[in-house]
Each structure stands twice: as C-alpha cells, then as structure tokens.
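Notes for the structure review
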Amino acid sequence: EFFSKLFKTLPRDIKGVFLLISVKREMKRRLQENLPIGEIFARDIVPRYRRKPAFIDVEKDGEVWTFAEADAFANQVGNYFHGTGLVKEGDRVAVFMNNCPEYGCVWLGLSRIGVVSALINFNQRLQPLGHSISLAGAKLIIVSSDLQDALEDAVNHGHVPADLPIFVYGKNNE
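Remember, predicted model here, so these are calculated numbers, not experimental data.

**Description of the pairing of strand S1 (residues 53–57)**
Pairing of S1 with strand S2 (residues 63–66) involves 4 bridges; the strand directions are antiparallel. In the strand pairing of S2, aspartate 57 is matched with glutamate 63. Hairpin connection from S1 to S2: 5 residues lie between these consecutive antiparallel strands, with aspartate 61 at a positive phi of about 55°.

What follows is the structure, encoded as structure tokens:
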C-alpha cells in the first residue's frame, strides 16, 4: 500500500520540488538585486500582467483594479509624498488603513521613493496603536478615513504625538 501511494503522488511531489527550487532561485536573484518591491512591481510585474486583475475590492461591489491601474495609483502616491518634502529615502511612514486596493498601492508607492511602510494593524486602538506607531519611528501617518476617529482618539489620549503629520485618505480626501 505504501508503494502504491508513493507512485501515485510521485509526479506531484517531483513537480513541487522543481517549483520550490525555481522559487528559491528567484528569491536569491531578487535579494541580490536589492531593489524595493515597488520597483520590482513596476519593472517586472506590471508589463506582464497590465490588463489583468491585481485587486478585487469586495467591499465596493467587487470593484476590480488592473495591474496598470494599481501601478498608476502607486505612482501618484509616490510622487505626492516625494513632493511634500516631509519624507526621504529611508524614512518610515505608518500606514493605518483597512484592507483595500489603495492599501497595497500606498505601500508600493512609498516603496518606490525608498520610504519604508510600517503597516499598522487596523484593529489596534489607543495605547496599542500609539505603541505600534512609536515603535515604527514613523515620520508621518497615512490613515484611511474610516479609521480616522480611532487615530484621533489615540492622539487625544496622548498615545500618539499630536505634532506627527497625518494624511487622511478616503471620502473627501481621495
């Protein structure tokens, strides 16, 4: 019985080993390139999958973002924050947003300008939220409009520095 199962699963296992080897090789190559994820996305992923779905926003009736649309929005984010002069390469920015296509695009856009995104869990409130932002050493915070009240509560209770610049995304701020 052991050998019959072995022979039945052997093709699948061999295929899996080859896939694992190719993924490890690709990871090694990417690490040697030492490029930010935003650059890899723009250079290698978007040209291959330009018109294919990158994100599906299930909270907005299944709104689909193609790779080209995600790339364009990431460029807008990167250009905007580069233009503010508030952040430079190597700085950290706290991203406090719900799961949505914009969340990934903000991360990619900041990556393109060399800014490190500290992705803050959107379930945190008050002291844990302030601790995460403090631990990240963020120069500014990007918050989605639906989480703005939670961030303001943390600021009002002294858990987040009041002088930390806050950029709100969503509703009237889009």
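**Focus: the sheet that holds strand S4 (residues 116–119)**
The strand order across the open sheet formed by 4 strands is S4-S3-S5-S6, and the pairing between neighbours is parallel. Looking along the sheet, the strands with just one partner apiece sit at the ends: S4 and strand S6 (166–169). Within this sheet the neighbouring strands show an average axis-to-axis angle of 25°, counted without direction. Relative to S4, strand S3 (residues 92–96) runs parallel, the two sharing 4 bridges. Bridging from a neighbouring strand, valine 95 pairs with leucine 119 of S4.

**Overview of the side chain of aspartate 71**
Mapped onto the elements, aspartate 71 comes out in helix H3 (residues 67–84). Other than its neighbours up to four places away in sequence, aspartate 71 contacts Phe41, Ala42, Val46 and Arg112.

**Here we look at helix H4 (residues 101–112)**
In a regular helix each residue adds 1.5 Å, so 12 residues correspond to 16 Å; H4 covers 17 Å between its end C-alpha atoms and thus fits that length. Buried within H4 are the following residues: Pro101, Glu102, Tyr103, Gly104, Cys105, Val106, Leu108, Gly109, Leu110, Ser111 and Arg112. After H4 finishes, the residue glycine 114 shows a positive phi value of roughly 85°.

**As for the packing of aromatic side chains**
Scanning all chains against the criterion turns up 8 aromatic pairs. For the pair tyrosine 80 and phenylalanine 167, a centre-to-centre distance of 6.0 Å together with 80° between the ring planes defines the contact as edge-to-face. Of this pair, tyrosine 80 sits in helix H3 while phenylalanine 167 sits in strand S6; the two residues are 87 residues apart in sequence, bridging distant segments of the chain. On the accessibility criterion, tyrosine 80 (47% relative accessible area) is partly exposed.

Criteria and cut-off values
- Residues numbered from 1 in each chain as written.
- Predicted model: local features only at pLDDT ≥ 70, side-chain atom pairs only at ≥ 80, totals over all residues.
- Heavy atoms only, no water.
- Pairing = 2+ DSSP bridges.
- Helix = DSSP H or I, 4+ residues; strand = E, 2+ residues; numbered from the N terminus.
- Axes fitted to C-alpha atoms, helices over the stretch in contact; angles between N-to-C directions.
- Contact = heavy atoms within 4.5 Å.
- Expected span 1.5 Å × (residues − 1).
- Buried < 20%, exposed > 50% of the residue type's maximum accessible area, 1.4 Å probe, protein only.
- Phe/Tyr/Trp six-rings, centres within 6.5 Å; stacked < 30°, edge-to-face > 60°.

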